[in-house]
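Understanding the architecture of this molecule
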Amino acid sequence: MRIARFSIDGNVAFGAVEGDKPDELVLDIIKGIPFADFELSGTKVPLSKVRLLPPVLPNKVVAFGRNYAEHARELGNEEPETPFAFFKPSTSVIGPGDEIAYPSFTQELHYEAELAVVIGRLCREVPRERVKDVILGYTCANDVTARDVQRREKQWARAKGFDTACPLGPWVETDLDPSDLTIQLTVNGQQRQLGRTSEMIHPIEDLIVNISEAMTLLPGDVILTGTPAGVGPLNVGDEVAVSIEGIGTLTNKVIKRG
């Protein structure tokens, strides 16, 4: 099931996305929230009539860096022996079609296409064999990064946590095997990144075991799983699109921060 979060006529709701052709997609409005038992209302609205929002509002976004060997090497880093985590605040999250605001404190804004995992239930110290039980589904993410700030500062809070640095969407796909999916990113229609989730150094199970050993994960929390090689610059006016096999495409435009 594809679960979207959207607004229509000033109201916010979740809906199940139905249909195959982009111009014929409809939303069956969900009674309740997707983190508990819910029913489909049978009330349907065309996707073209709503505004898609970030598919979840996470309490926290836990991101794992250098989780693809070629990406680690392209930035002059070694492969991490254990998962390497950092945080992006909830205020960095935007949805499909929202604008990425180019911060004034960077001269080198980069894209990073990533598979995002959405947590479906409160959990802590999750054993590896139970990881699938705590996952609601998967969505596309762009770990937008101020690369010069990342190099210059000892930690990455500003480089990766600024407002609009975490586009998510377009929806959450709940029925998906994430082990070997194509990830690609385009800028203005030109391919810049192409990889597969099977190239991860540490698979999703290891990432969730690692972070849940340290902290409680809440429904709606998001785990970013790393980016393939090919990261590069974004400029004001660019349109950047992350596409993941079996999920869809997340598109955002870069504007000058006002």
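First, a word on scope: everything that follows refers to the structure included in this document. (Residues numbered from 1 in each chain as written. Predicted model: local features only at pLDDT ≥ 70, side-chain atom pairs only at ≥ 80, totals over all residues. Heavy atoms only, no water.)

Let us look at the nonpolar core. Core analysis: the largest hydrophobic core is formed by 55 residues, its most contacted members being Ile208 and Ile223. Sort the elements by how many residues they give to this core and helix α4 (residues 204–212) lands first, with 5 residues. For Ile208, the residues in contact, after removing those within four places along its chain, are Val117, Ile119, Val126, Val131, Val134, Ile135, Leu217 and Ile223. Membership of the second largest hydrophobic core comes to 15 residues, among which are Ala63, Ala141, Cys166 and Leu224. (Core = buried A, V, L, I, M, F, W, Y, C linked by side-chain atoms within 4.5 Å. Buried < 20%, exposed > 50% of the residue type's maximum accessible area, 1.4 Å probe, protein only. Helix = DSSP H or I, 4+ residues; strand = E, 2+ residues; numbered from the N terminus. Contact = heavy atoms within 4.5 Å.)

Before going further, it helps to spend a moment on the environment of Glu245. Note that Glu245 resides in the loop between β19 (239–244) and β20 (248–256). Of the residues examined, Glu245 reaches a relative accessible area of 40% and is grouped as partly exposed. In this structure, the C-alpha to C-alpha distance between Glu245 and Cys140, residues 105 residues apart in sequence, is 9.8 Å. If we skip the residues at most four places from it in the chain, Glu245 touches Leu176, Asp180, Leu181, Thr182 and Arg196. Polar contacts involving the side chain of Glu245 include one to the main-chain amide nitrogen of Thr182, which spans 3.0 Å. (Polar contact = N/O pair within 3.5 Å; in protein donor to acceptor, adjacent residues only side chain to side chain.)

This next bit is on the sheet that holds β19. Pairing in this open sheet of 5 strands is mixed, and the strands run β9-β20-β19-β15-β16 from one edge to the other. Lying at the two open borders of the sheet, with one neighbouring strand each, are β9 (99–102) and β16 (190–196). Averaged over all pairs of adjacent strands, the angle between strand axes in this sheet comes to 20 degrees, irrespective of strand direction. Relative to β20, β19 runs antiparallel, the two sharing 6 bridges. When the bridges of β20 are listed, Val240 appears paired with Asn252. (Pairing = 2+ DSSP bridges. Axes fitted to C-alpha atoms, helices over the stretch in contact; angles between N-to-C directions.)

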